[in-house]
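Structural features, examined
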Amino acid sequence: MNKPSFAGLGVGEPFLTTLTRNNISEPTPIQAEAIPLLLAGRDLIGSAPTGTGKTAAYLLPSLTRLVQASPGKGKGPRVLVLTPTRELAQQVAKSAHSYTFGVPRVKTLCVTGGESYGQQNKLLSAPHEVLVATPGRLMDQMRSGRIDFSRLEVLVLDEADRMLDMGFSEDVLSIVDKLPVERQTILFSATLSRSVRALANRLLKDPAILEVAQIAAQRGAIDQHVIYVDDMQHKHQLLHHWLSAESLEQAIVFTATKRDAEQLATQLDEAGLSAAALHGDLVQRQRTRTLTRLRTGECRVLVATDIAARGIDVASITHVINFDLPKFAEDYVHRIGRTGRAGATGTAISFVSRNDVGALRRIERFIGDKVKVSIVEGMEGRFRPGSSGGGGGGPGGPGAGRREFRGAGAGAGKPRPAKPQDRYSREGQRPRVPREAGEGRAPTRERQGVAPVGRPSHAPRDGAHAAPRRDNNRPANAHRGRGAGRNERGSSRSGFAQD
């Protein structure tokens, strides 16, 4: 059976030329199914794992419309793409620029929080065809009367599940109320939850539904491991071991909170590992500079919250380390999808403590497979599921299926001395404070008297010189200056800052 081609799917010039220039020769399964439906004008609900090419699946048919002159008059966009985060918006805008290279009269704008209003106002005043935006800043610009939707033909909701998780449902509905009724609406989501389906029922007309599973070859591109940890010191030792591996080119380390990301990045950078933090409290200039350092190779380790789980595509990322497991099982798939991209292979390591066993089981149910349990020789922990209050038994029973790792690394070959305390205190047992996606858990404090690897041994014990507890209603980065940590509408929902 002949494999489909972009030309056979109905994609014509000049986009075939731009695809060839970008070394894209064969459509992925989601592209092969979605492109013909969208070219025929159908509304679409699509569900596909990260890294399967869904951006091109909706952009190529939408951009094909732009080859013909608009039937309406105006200077506003003909294609609107809404994304939950700035990073994903910038990635989509970059793809649109790439696909339309050399196509006349096609201009793409990206409107997100954290950018200068003056510069955005100037760009919006000129004719443009594609607008990629985050809901908060788009609402601001709409209220100012700077957005003209009179000739809009296509609306795309990318990562709709994440937009709902971040509390953007009301904003999305308010935006849609201002759009032409006669339009094509495309919704992509990692999961088709009840809330996503409810939103789709309100916005789409007789949509086609595509659910594309991740093929085995793609799953096999990422070597996944679970390593059981006893306490924070054990976790830091294992982290330094993996970050010292010769096979590691670049890595993303995911933490549960913004504060943990900052502290861990500082510790790793001071230890000579060239690390930087990425989270929602950083202003856009800082976020852009950090991502540029990552893409140019200047930064070897990115320590991030789930803000980096979507929209970051850097081929040289060989390792993803879940320092903290994600709150939502689907975010695990997005996190590890930052490696093993574009035909490459990658490694995903997840540290699992006594209190993480339930989260691990939810992840395994979501992906439909067990994650193999591994150990690092000389750094074995005492905790195993099923041992003294440890929760459910692991795959094949305690210790079954374990894989040992040898080689150089911080602490490799040096057994960790036993400690009488075997209780690990999990971050996140306090009430959730709405922040950006994946950052709802309260900051953790180190175990008393246990200094993490990478921190000087004379570091103060927990509670000494600790920062004062932050008021939940105060933006996390209020000290940064006027407007820092606030969203575009001046709300105190600091978790959605400038997205």
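Scroll up for the structure.
All values derive from a computational prediction rather than experimental measurement. (Residues numbered from 1 in each chain as written. Predicted model: local features only at pLDDT ≥ 70, side-chain atom pairs only at ≥ 80, totals over all residues. Heavy atoms only, no water.)

So, the sheet that holds strand 13 (residues 346-352)
Read from one edge of the open sheet, 6 strands run 8-13-12-9-11-10, paired in parallel fashion. One side of each edge strand has no neighbouring strand; the edge strands of this open sheet are strand 8 (222-228) and strand 10 (275-278). For this sheet, the mean inter-axis angle between neighbouring strands, taken without regard to orientation, is 20°. As paired strands, strand 9 (residues 250-254) and strand 12 (residues 317-322) are joined by 5 bridges and run parallel to one another. What sits directly across from Phe-254, in strand 12, is Asn-322. Each of strand 9, strand 10 and strand 11 (301-304) is contacted by helix 13 (residues 258-270), which is oriented at about 170° to strand 10, the strand it contacts most. Against the sheet, helix 15 (residues 329-336) makes contact with strand 8, strand 9, strand 12 and strand 13, and its axis sits at roughly 155° relative to strand 12, the strand it touches most. (Pairing = 2+ DSSP bridges. Helix = DSSP H or I, 4+ residues; strand = E, 2+ residues; numbered from the N terminus. Axes fitted to C-alpha atoms, helices over the stretch in contact; angles between N-to-C directions. Contact = heavy atoms within 4.5 Å.)

Concerning the pattern of salt bridges
Side chains that differ in charge, positive against negative, can pair when their charged atoms come close. Tallied over the entire structure, the rule returns 19 salt bridges. Between Glu-87 and Arg-287 there is a salt bridge; the shortest N-O distance is 2.9 Å. With Glu-87 in helix 5 (residues 86-99) and Arg-287 in helix 14 (residues 284-296), this pair connects stretches of sequence that are 200 residues apart. A salt bridge links Arg-162 to Asp-165; its shortest N-O distance comes to 3.4 Å. With Arg-162 and Asp-165 both in helix 8 (residues 160-165) and 3 residues apart, this pair spans about one turn of that helix. Residue class for Arg-162 comes out buried when judged on its relative accessible area of 4%. One salt-bridge network, held together by shared partners, links Lys-54, Asp-158 and Glu-159. (Salt bridge = Lys/Arg side-chain N within 4 Å of Asp/Glu carboxyl O. Buried < 20%, exposed > 50% of the residue type's maximum accessible area, 1.4 Å probe, protein only.)

Overview of the packing of helix 3 (residues 29-39) against helix 4 (residues 54-64)
It is at 9 Å that the axes of helix 3 and helix 4 come closest, and there the two elements cross at 25°. By the angle between their axes, helix 3 is roughly parallel relative to helix 4. Of the two elements, helix 3 crosses helix 4, and the hand of that crossing is right-handed. Note on element contacts: helix 4 touches helix 3 through Lys-54, Ala-56, Ala-57, Tyr-58, Leu-60, Pro-61 and Thr-64, opposite Ile-30, Gln-31, Ala-34, Ile-35, Leu-38 and Leu-39. Along the lines of polarity and charge, the residues of the contact of helix 3 with helix 4 split into 10 nonpolar, 2 polar and 1 charged. (Parallel < 35°, antiparallel > 145°, perpendicular 65-115°, else oblique. Left-handed = near helix turned anticlockwise from the far one by under 90°. Nonpolar A, V, L, I, M, F, W, Y, C, P; charged D, E, K, R; others polar.)

Examining the packing of aromatic side chains
Summed over all chains, the structure comprises 3 aromatic pairs. On the numbers, 5.8 Å between centres and 45° between planes, the contact of Tyr-58 with Phe-188 is tilted. Taken as a pair, Tyr-58 in helix 4 and Phe-188 in strand 6 (residues 184-189) lie far apart in primary sequence, 130 residues in all. There is no split in this pair, since Tyr-58 and Phe-188 are both buried. Ring geometry for Tyr-228 versus Phe-383: centroids 5.5 Å apart, planes at 85°, classification edge-to-face. Within this pair, whereas Tyr-228 is found in strand 8, its partner Phe-383 is found in the loop between strand 14 (374-376) and strand 15 (403-405), the two being separated by 155 residues in sequence. Take Tyr-228 and Phe-383: they sit in the same class, and that class is buried. Above the ring of Tyr-117, the side-chain terminus of Arg-137 is found at 3.7 Å from the ring centroid. (Phe/Tyr/Trp six-rings, centres within 6.5 Å; stacked < 30°, edge-to-face > 60°. Lys NZ or Arg CZ within 6 Å of the ring centre and 35° of its normal.)

Points about the environment of Leu-82
Structurally, the position occupied by Leu-82 is in strand 2 (residues 79-82). When its relative accessible area of 0% is taken as the criterion, Leu-82 is described as buried. The spacing of Leu-82 and Glu-159 is 77 residues in sequence and 8.6 Å in space, taken between C-alpha atoms.

Some points on the pairing of strand 5 (residues 154-157)
Where a strand is regular, its side chains alternate between the two sheet faces. Of the two faces of strand 5, the one carrying Val-154 and Val-156 and the one carrying Leu-155 and Leu-157 are both buried. Taken together, the 4 bridges between strand 2 and strand 5 define a ladder with parallel strand orientation. Looking across to strand 5, one finds that Val-79 is bridged to Val-154. Sheet topology places strand 5 next to strand 6; 4 bridges connect them, and they run parallel. By the bridge assignment, Val-156 is partnered in strand 6 with Ile-186.

Quick look at the side chain of Thr-318
Here Thr-318 lies in strand 12. Classification of Thr-318 by relative accessible area gives buried; the value is 11%. Discounting chain neighbours no more than four positions away, the residues touching Thr-318 are Ser-247, Leu-248, Glu-249, Gln-250, Thr-339, Gly-346 and Thr-347.

Things to note about the side chain of His-319
The residue His-319 is located in strand 12 in this model. Its relative accessible area of 2% is what places His-319 among the buried residues. Only 2.9 Å separates the side chain of His-319 from the side chain of Thr-318, close enough to count as a polar contact. Residue contacts for His-319: discarding those within four places in its chain leaves Trp-242, Ser-247, Leu-248, Gln-250, Ala-251, Ile-252, Thr-339 and Thr-347. (Polar contact = N/O pair within 3.5 Å; in protein donor to acceptor, adjacent residues only side chain to side chain.)

Here we look at the environment of Gly-102
Mapped onto the fold, Gly-102 is located in the loop between helix 5 and strand 3 (108-111). Separated by 88 residues in sequence, Gly-102 and Pro-14 have C-alpha atoms that sit 7.8 Å apart.

Observations concerning the sheet that holds strand 2
Sheet strands associate in pairs through backbone hydrogen bonding, adopting either a parallel or an antiparallel arrangement. Pairing in this open sheet of 7 strands is parallel, and the strands run 3-4-2-5-6-1-7 from one edge to the other. Looking at the sheet topology across the chains shown, the edges are occupied by strand 3 and strand 7 (208-211). Neighbour-to-neighbour, the strand axes of this sheet turn through a mean angle of 15°, independent of strand direction.

Some thoughts on the packing of helix 7 (residues 135-143) against helix 9 (residues 169-177)
Contact pair helix 7 / helix 9: the axes reach a minimum separation of 10 Å and the direction vectors enclose 40°. Judged by the angle between their axes, helix 7 and helix 9 are oblique. Relative to helix 9, the crossing made by helix 7 is left-handed. Facing helix 7, whose interface residues are Pro-135, Gly-136, Leu-138, Met-139 and Met-142, helix 9 presents Asp-171, Ser-174 and Ile-175.

Keep in mind these numbers describe shape, not what the thing actually does.
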